[in-house]
Amino acid sequence: GGGVAGGVEGGEGGGSGIEVHPPGALRELLPRADALLVCLPGTEETRGLIGAEELALLPRHAVVVNVGRGAVIDEHALYAALREGRLHGAGLDVWWSYPATYEEALCTPPSAFPYGELDRVVLSPHRGGGIGVADLELARMRRIGEMLSAAGRDGVERMPHRWDFGLGY
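Note that the structure is a prediction, hence the values are computed from the model and not measured.

Can you tell me about the packing of aromatic side chains, naming the residues and giving the values?
Going through the model one piece at a time under the given rule, you end up with three aromatic pairs. Taking the centre distance of 5.4 Å and the plane angle of 80° together, the rings of tyrosine 79 and tyrosine 115 count as edge-to-face. Separated by 36 residues along the polypeptide, tyrosine 79 in helix α3 (residues 75-83) and tyrosine 115 in the loop between β5 (89-92) and β6 (121-123) bring together distant segments of the chain. Accessibility expressed as a relative area gives 9% for tyrosine 79, which makes it buried. Measuring from centroid to centroid gives 5.0 Å for tryptophan 96 and tyrosine 115, while their planes differ by 5°, and the two rings are stacked. Of this pair, tryptophan 96 sits in the loop between β5 and β6 while tyrosine 115 sits in the loop between β5 and β6; the two residues are 19 residues apart in sequence, bridging distant segments of the chain. Like tyrosine 115, tryptophan 96 is buried.

I'd like a rundown of the side chain of glutamate 54, residues and numbers included.
Position of glutamate 54 relative to the elements: it lies in helix α2 (residues 52-57). We classify glutamate 54 as buried; its relative accessible area is 15%. Setting aside its immediate chain neighbours within four residues, glutamate 54 contacts Arg27, Leu30 and Leu49.

Reading the values: the criteria
- Residues numbered from 1 in each chain as written.
- Predicted model: local features only at pLDDT ≥ 70, side-chain atom pairs only at ≥ 80, totals over all residues.
- Heavy atoms only, no water.
- Phe/Tyr/Trp six-rings, centres within 6.5 Å; stacked < 30°, edge-to-face > 60°.
- Helix = DSSP H or I, 4+ residues; strand = E, 2+ residues; numbered from the N terminus.
- Buried < 20%, exposed > 50% of the residue type's maximum accessible area, 1.4 Å probe, protein only.
- Contact = heavy atoms within 4.5 Å.

See below:
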């Protein structure tokens with residue numbers, strides 16, 4: 001299952017301009033990409049899917065955006081490509097280093113590499129989507145309220161959408 005979707009500016013014949021390719025076509029598509037948007041979960045199948053070889057296939061003007069899980073992209077390979085100017089920039093709404101406990105969350109850096117020191121990188125800790133959009137903000141607040149109510153009623157261990165440190169999400 002799954003596929004690689006690519007947008008084509010303007011589209012042909014009034015269509016959506018979206019092409020869907022099998023995952024095996026990724027390496028063929030990367031040299032044509034202006035942007036690589038990664039929105040995959042962190043699983044055994046996706047871990048390291050984008051490594052040094054795949055990043056080297058992207059044009060120098062390409063931007064990498066990851067809103068899925070950090071481990072999908074090789075941490076060192078992306079840092080090196082950005083530091084050396086082989087990519088135009090990156091928007092990272094993910095971390096590679098996740099805390100093992102809630103207490104560690106305040107002192108766990110996002111990566112083993114200093115992405116924050118790179119001029120062409122924007123970092124966000126899983127908060128990039130919908131900030132400032134009233135309907136989404138209201139939905140988030142309602143959802144947080146529901147989760148807190150459930151935690152108070154049923155206990156934190158049975159709270160819906162609770163972070164599972166073992167699964168990584």
